[in-house]
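# Coordinate analysis (summary)
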Amino acid sequence: MSAAPRFELPLPDLAPWRAGNTGVEGVWHFDSGQPGRALMITALIHGNELCGAWALKGLLEAGLRPARGTLTLAFCNLAAFDRFDADRHDAARFVEQDLNRQWTPERLRAADSLERRRAAELAPFAERADWLLDLHSMHEPSAPLLLTGVQPRNLALARQLAAPEHIVIDAGHSDGVRLRDYGRFGLPDAQAGDARSLLIECGFHGDLASRAVAQDMCRRLLQAAGTLEPAALDATLPGWRLPDAPRQWALTVDGAVVARSPRFAFTGDFTGLERFAHAGTVIGHHDGPGQGEPVVTPYDDCVLVMPSVRQAREGVTVVRFARRAPLME
């Protein structure tokens with residue numbers, strides 16, 4: 001594996017915004033008093049993913065308030081964020097357990113880790129939200145990815161947003177349920193009503209561009225949800241809107257590789273969106289470089305989605321396989 005890329009995104013000062021206004025640390029809620037959607041934007045589900053924290057900080061500093069419906073902003077894993085060190089940023093991903101694998105009633109009730117107790121604090125806000133945008137970043141340098149899940153309603157919203165270029169249609173992880181799929185966000189279209197949920201991977205954790213992507217997606221969701229009119233958003237958040245993607249590709253995930261140990265190794269320095277023309281191409285080994293059972297591409301024209309061994313251990317997904325096609329209307 002190549003050396004970790006340089007971490008250039010500075011640490012945001014969240015001290016003025018840490019208390020929140022809801023009685024739950026890090027959670028802000030604003031009610032317009034007018035009918036409209038309940039929009040929730042979350043950041044710092046992982047404590048080393050700073051781009052979302054910068055975006056929420058920017059919304060709060062701008063004094064943005066909804067013209068319709070409600071807006072909830074949540075800095076989620078502040079305990080992990082407090083451990084952040086740019087030289088060891090992977091260590092700040094979580095304290096005891098990955099917060100983005102705890103979103104089932106059983107795990108929330110267990111309350112047997114810091115992250116599960118924090119998820120239980122945040123859950124009532126997610127349950128009241130109609131639309132959710134969860135802001136993340138990635139272990140490796142890569143183009144932004146918008147993860148919609150498998151529900152057509154979220155894919156339709158991705159088309160409406162017109163960014164980013166790559167849309168990942170995925171069913172989730174084997175080791176737990178993400179916030180994006182919690183409660184009615186994970187229900188089929190026929191049962192979910194107006195619920196919509198998106199997870200944006202904005203780029204490498206330490207890339208300055210990841211902050212711009214997070215800001216852009218906030219700006220797009222605020223408009224799409226009807227929270228504010230475009231002119232008001234432009235006035236309040238100047239420069240946040242980036243150009244639309246020239247095209248959008250649907251990456252339909254239909255397979256994954258789960259590590260059997262921390263020794264898993266790829267055959268190259270893969271960072272994501274690599275395409276392999278032929279089925280059976282060896283891309284990794286379970287027991288170290290060239291050791292143990294090989295991992296091969298399952299079909300022709302296979303795309304790698306978010307390959308990384310930086311968190312590799314038994315049960316952790318180290319790469320997903322996807323089929324690529326134009327995102328159609």
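Figured I'd write up the structure that's included with this text. (Residues numbered from 1 in each chain as written. Predicted model: local features only at pLDDT ≥ 70, side-chain atom pairs only at ≥ 80, totals over all residues. Heavy atoms only, no water.)

### Quick look at the pattern of salt bridges
- According to the stated counting rule, one finds 28 salt bridges in the structure shown.
- Residues Asp-189 and Arg-153 are paired through a salt bridge, measuring 2.7 Å at the closest nitrogen-oxygen approach. Of this pair, Asp-189 sits in helix α6 (residues 189-192) while Arg-153 sits in helix α5 (residues 152-161), and the two are 36 residues apart along the sequence.
- Since its relative accessible area comes to 30%, Asp-189 is described here as partly exposed. (Salt bridge = Lys/Arg side-chain N within 4 Å of Asp/Glu carboxyl O. Helix = DSSP H or I, 4+ residues; strand = E, 2+ residues; numbered from the N terminus. Buried < 20%, exposed > 50% of the residue type's maximum accessible area, 1.4 Å probe, protein only.)

### Section: helix α4 (residues 114-128)
- For α4, the principal kink sits at Leu-122 and spans about 40°; a proline, Pro-124, occurs within the next four residues.
- Of all the residues in α4, the buried ones are Glu-115, Arg-116, Arg-118, Ala-119, Leu-122, Ala-123, Phe-125 and Ala-126.
- On its buried face, α4 sits against β1 (27-31), β2 (38-43), β3 (70-75), α2 (78-81) and α3 (105-110). (Bend = angle between axes of the 7 residues up to and from the residue. Contact = heavy atoms within 4.5 Å.)

### Some points on the pairing of strand β8 (residues 249-258)
- Both strand β6 (residues 166-169) and β8 contribute to a ladder of 4 bridges, which runs parallel. Its bridge partner lying in β8, Ile-167 is registered against Ala-250.
- Strand direction decides the pairing type here: β8 and strand β14 (residues 317-326), joined by 9 bridges, are antiparallel. Looking at the pairing, Thr-252 lines up with Arg-323 of β14. (Pairing = 2+ DSSP bridges.)

### Points about the nonpolar core
- Ile-41, Leu-59, Leu-73, Phe-75, Leu-133, Leu-135 and Leu-221 are the most contacted members of the largest nonpolar core, which has 54 residues in total.
- Examining the composition of this core, we find that 8 residues originate from one element, helix α1 (residues 50-61), more than from any other.
- Once you skip the residues sitting within four places of it in the chain, Leu-135 turns out to touch Ile-41, Thr-42, Ala-43, Leu-44, Glu-49, Gly-52, Ala-55, Leu-56, Ile-200, Ala-214 and Cys-218.
- Ala-74, Cys-76, Ala-119 and Phe-125 belong to the second largest nonpolar core, which has 21 residues in total. (Core = buried A, V, L, I, M, F, W, Y, C linked by side-chain atoms within 4.5 Å.)

### Concerning the sheet that holds strand β9 (residues 265-266)
- Sheet architecture is open: 3 strands sit in the order β9-β11-β12, paired in antiparallel fashion. Of all the strands in the sheet, the pair left with one neighbour each is β9 and β12 (294-296).
- Where strand β11 (residues 282-285) lies against β12, 3 bridges are found, and the strand directions are antiparallel. When the sheet's bridge partners are listed, Val-282 is paired in β12 with Val-296.

Read these as geometric descriptors, not functional statements.
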